[in-house]
Amino acid sequence: MNQMRALDILKTGANVFLTGEPGSGKTYVINQYIAWLEAAGLHVAVTASTGIAATHIGGMTIHAWSGVGARDTINQYDLDQIMTREKVVKRIKKAQVLIIDEISMIDGTMLDMVDVIARTARQKGDAFGGLQVIFVGDFFQLPPVTKMGNMMRYGFESRAWENARPLVCYLSDQFRQEDEQLLSLLNSIR
């Protein structure tokens, strides 16, 4: 799929998994979508799996945005504590679109916790409390980050992903690499 088709799908309001190989334009599409949302007066939360990834897209970590922090589990007490943090609840309620970049690095358990927090803060039972969620990344790159000893689950193995039922937009055009032999080799490895 080309970038413009993916952008058109994002504009429908559907939950989307935007993926493709390195250099296919995922960041370009997301930046175009963010600009379109802002021009339309819609509130977008731009997040990523790590601080470095978040700075590259002008956002914050999903851990900070959701208030989950460094937790690897969440119980009712934790959820109640997060809901007392006015700044966190306000930003979750204000958002209409949630973008999560570098989704491959987010463990499925973390994604489930973010889903529970968003549902609770927004007081809606829909996936992520009714936010449009855009998962961006490539599961063939970096694996989820987990604490030593914890079982790793990819984001697509989570209940949150299943409930969000994202449409898959696989970007196929290559913009960063022109060496056909190298591209062929990389595609074979994938």
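Everything here concerns the structure above.
Sequence order as written defines residue numbering, which begins from 1 separately in each chain. Reporting of local features is limited, given that this is a predicted model, to residues whose pLDDT is at least 70; pairs of side-chain atoms are given and counted only at 80 or more, and all residues count toward the totals for whole chains, interfaces and linings. Computation of side-chain values covers all heavy atoms of the structure but excludes hydrogens and water.

Engineer: Looking at this structure, I do not really get the side chain of Gln3. What am I missing?
Structural biologist: We count a stretch as a helix when DSSP gives it H or I for four or more residues in a row; a strand needs E for two or more, and each element gets its number in order from the N terminus. Mapped onto the fold, Gln3 is located in helix H1 (residues 3-10). Exposed residues in this analysis have more than 50% of their type's maximum accessible area, buried residues have under 20%, and partly exposed residues fall in between, with area computed by a 1.4 Å probe over protein chains only. For Gln3, a relative accessible area of 12% puts it in the buried group. Definition of a polar contact: a pair of N or O atoms within 3.5 Å, with one able to donate and the other able to accept a hydrogen when the atoms are protein atoms, and with sequence-neighbouring residues admitted only if both atoms are side-chain atoms. At 3.3 Å, the side chain of Gln3 forms a polar contact with the backbone oxygen of Ser24.

Engineer: I would appreciate a short explanation of the sheet that holds strand S4 (residues 97-101) in the present structure.
Structural biologist: Overall, parallel pairing links the six strands, which are arranged S3-S2-S4-S5-S1-S6 in an open sheet. At either margin of the open sheet sits one strand with a lone partner, and together these are strand S3 (60-61) and strand S6 (167-171). The pairing of strand S2 (residues 44-48) with S3 spans two bridges and is parallel. When the sheet's bridge partners are listed, Thr47 is paired in S3 with Met60. Contacts between residues were defined by any pair of non-hydrogen atoms, one from each residue, lying within 4.5 Å. Note on geometry: axes are C-alpha line fits, over the in-contact stretch for helices, and angles between N-to-C directions span 0 to 180 degrees. On the sheet, H1 packs against strand S1 (16-20), strand S5 (132-136) and S6 and is oriented at approximately 160° with respect to S6. Should DSSP find at least two bridges between two strands, the strands are taken to pair.

Engineer: What is the right way to read the environment of Ala45 from this model?
Structural biologist: With respect to the secondary-structure elements, Ala45 resides in strand S2. In this structure Ala45 comes out as buried when scored by relative accessible area, which is 7%. For Ala45, the residues in contact, after removing those within four places along its chain, are Trp65, Ala95, Val97, Leu98 and Ile99.

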